[in-house]
Amino acid sequence: MTGDTQTTEAAPAKRAGSMGVARNLGLVVALVILCGVGLITAGDRFASTNNIITVLSLASAIGVVAIGMTFVITGGGIDLSVGAIVALASVWASTTGTQAMAESVGWIVIVTTAIGVGIACGVINGLLIAYGKIVPFIATLAMLASARGLAEIIADRKTQIIRDQGFRDALGARPFGVPVIVYIFAIVVIVGWFLLNRTTFGRRTFAVGGNPEAARLAGIKVQRHTVYLYALLGATCGLAAVMLMSRTQTGSSTHGLMWELDAIAAVVIGGTLLSGGRGTVIGTLLGVLIFTTLTNVFTLNNLSTSVQAVAKGVIIVVAVLLQQRLANRSST
Amino acid sequence: MSTTTPRRRLLALAGVAAAASLALTACTNSSDGDDDTANVSNTGSGDNAEAGDTVTIGFSAPAADHGWMGAISSAAVEQAEAFEDVELVNAEGTNDVNLQISQVETFINDKVDAIVLLPFDGAAMTDVATRAMEAGIPVINVDREFDSPFAARTTILGDNYGMGVSAGRYVCEQADGNTDAVVAEIAGIDSLPLTQDRSQGFADALEDCGLKVSNRVAAEFTVESGERAAANLLQAAPKIDYLWNHDDDQGVGVLAAIENAGRDEFVMIGGAGSANVMRSIEADDTVLKATVIYPSTQGADGIKLARLIAQGKSMSDLAEVEVPRKIQLAAPIVTKDNVDQYMDSAFES
């Protein structure tokens, strides 16, 4: 009990990244152990360049969403509609209409459509929460239902194949043998880290999430900032839809099922407080990598899905416990 | 004190997750079935084709939330329209068991002549189906079986175990005695009995020729999950000879993963029989060389059987005077050689 309160009370003072390494130590250890298990049980197959690229590619789309989610949760919110927004963005950007326009104007139309749809959904979420005073759970739950419903209507529940060669070539390229989407993920992580830790926008996010009333009194436009946060997450959802469309070459209303929980889980085991006011982009990155590596190691060892599910639960708990212990030690 | 907030949040999150899945189910109810599936309805020939007494048939099925289910409903409707003497009462497709029960109750109150029912959950619909039977209305159970034999006059269903067997036999045939062949399997949602049946059939057929599944992963019937599962599987097995994917909807993602990984050393077999996959088999330009069928015409056949039963006719090709109690459809393997034969009954995914 005392250990718990210490962590959470000590944190706000140091939240802005100075203790980042120490706080993430537990996650790094967990990831290293996981890789060790992979190396021992699957050896060369695990350590091969191809496998590492596969893990990074699989982490990319969900990772971009999780980075966006880090901002919203740090700002004291939550968004359950991310998976549905990914689905809607992918469907909207792969309709025959959009693809025909992409044919004449260029593949960038597909990308801008997806990100535009994402931002629009995010802005609606933000407006409902900030100005409509609907709690984030409910507002984004409503978005979850209606965005996926709309995606189903637009796609007529069919899988839409992306035929635009320009799009496939541009996003399917592999400079230096690494897929473009992995570079996108890396850029999002770097920009996200910078935005959260080194800009006014980031400081405002911490302030709004930590104590909205104090933030308001300090002159921050809390409502407007909240809209920005959800719009940002919407944009990352649109980007994730683009990445998913590149990997699967389809848009579908079934894309991103249950991503809200995967993203929230990655953010939370990363060390971002669900109650807001504290957040870490690097922790989220590690959280996403731990989950993706876990599935990979299990598949390499040909373990059943039920065993995977059990182990996933255990590892979430172990990672969080480990992280609390190590963070405690370094903060006392 | 400061620790209670995140804990409460987590609890609330769990609650919302449950609510979210409910809402998701609810929102899939509103849409209509698709209308551009292949037209396979026909009125048959001989005495049975001639119009008899006009009969009213009630039809209820789950929401058309994937290609196969959409094809089931639209094929049933087309089949009913092809008959002059059938009046179809088509209930809106739903994944809400309560709503589906009330749909059947309405059919009973309206005293329809027969009910064709593809339950969202066979066990949950058993009671109301039994009540319909007790009210003298024959129930034709499609695809997902009831718990009790008293709940249906006739059951028509696909063969999940048989799908596995057909895929396994095809692998055995292709391997031609080579017992070192590496066989991989991408299943659908692992907790479903239908997935377990498919995998069991596959394993049993492979065992017959001394093969076994060396790598198995499970996806979730969606394109994205298929891509994810296949990407990992391809890393787990650097060399594969045969790959069976249970479901053609998720198969789109599986093929994308195979293309991303630049792999082409194996033969892939699909499952369910979507039109996309059949066109691909016909074109013969990917690793996909075959698929096994899980017929999407079951609903249409349910309508045909309901009409015969309601009119007191028999299946004219059988010597027996009554329509059989149970009809299990075959799960044939489709390859380049016989794809023409099955193309018309394939569903668009």
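Check the entry above for the structure.
Quick caveat, the model's predicted, so the values are computed rather than measured.

Novice: Explain the pattern of salt bridges to me, please; I cannot follow it from the model alone.
Specialist: A side chain with one charge can pair with a side chain of the opposite charge if their charged atoms come near. All names here are of chain B. Going through the model one piece at a time under the given rule, you end up with 18 salt bridges over all chains. For aspartate 143, the salt bridge goes to arginine 144, with nearest N and O atoms at 3.9 Å. A residue is classified by how much of its surface remains accessible, and aspartate 143, at 11% relative accessible area, is buried. Where glutamate 185 meets arginine 216, a salt bridge forms, and the shortest distance between an N and an O atom there is 3.7 Å. Pair noted here: glutamate 185 is in strand β6 (residues 183–187) and arginine 216 is in strand β7 (residues 213–218), with a separation of 31 residues, a long-range link. By relative accessible area, glutamate 185 is classed as buried at 2%. Given the relative accessible area of 23%, arginine 216 is considered partly exposed. It is possible to trace a salt-bridge network through shared partners that takes in Glu105, Asp127 and Arg131.

Novice: Mind showing me how you'd approach the sheet that holds β6(B) here?
Specialist: Strand pairs in the sheet, formed through backbone hydrogen bonds, run parallel or antiparallel to each other. Residues and elements named next belong to chain B. With respect to topology, six strands assemble into an open sheet ordered β7-β6-β8-β9-β10-β12, the strand pairing being mixed. What marks the edges here is a single partner per strand, and that holds for β7 and β12 (333–335). Mean inter-strand twist for the sheet, computed between neighbouring axes without regard to direction, equals 20 degrees. Against the sheet, helix α7 (residues 223–236) touches β6, β7 and β8 (242–245), its axis set at about 155 degrees to β7. Each of β6, β8, β9 (267–272) and β10 (288–293) touches helix α8 (residues 248–261); the most contacted strand, β9, lies at about 160 degrees to it.

Novice: How do you make sense of the sheet that holds strand β4 (residues 139–142) of chain B when you look at a structure like this?
Specialist: All names here are of chain B. Strand order across the open sheet formed by six strands is β2-β1-β3-β4-β5-β11, with parallel pairing between neighbours. Two strands bound the open sheet, and with one partner strand each, they are β2 (86–90) and β11 (326–328). Between one strand axis and the next, the sheet turns by 15 degrees as a mean value, whatever way the strands run. Most of the contacts of helix α2 (residues 67–82) go to β2, to which it runs at about 150 degrees, and overall it touches β1 (55–60) and β2. Set on the sheet, helix α3 (residues 97–109) makes contact with β1, β2 and β3 (114–117); between it and β1 the angle comes to about 175 degrees.

Scoring rules and cut-offs
Residues numbered from 1 in each chain as written. Chains lettered and ligands numbered in written order. Predicted model: local features only at pLDDT ≥ 70, side-chain atom pairs only at ≥ 80, totals over all residues. Heavy atoms only, no water. Salt bridge = Lys/Arg side-chain N within 4 Å of Asp/Glu carboxyl O. Buried < 20%, exposed > 50% of the residue type's maximum accessible area, 1.4 Å probe, protein only. Helix = DSSP H or I, 4+ residues; strand = E, 2+ residues; numbered from the N terminus. Pairing = 2+ DSSP bridges. Axes fitted to C-alpha atoms, helices over the stretch in contact; angles between N-to-C directions. Contact = heavy atoms within 4.5 Å.

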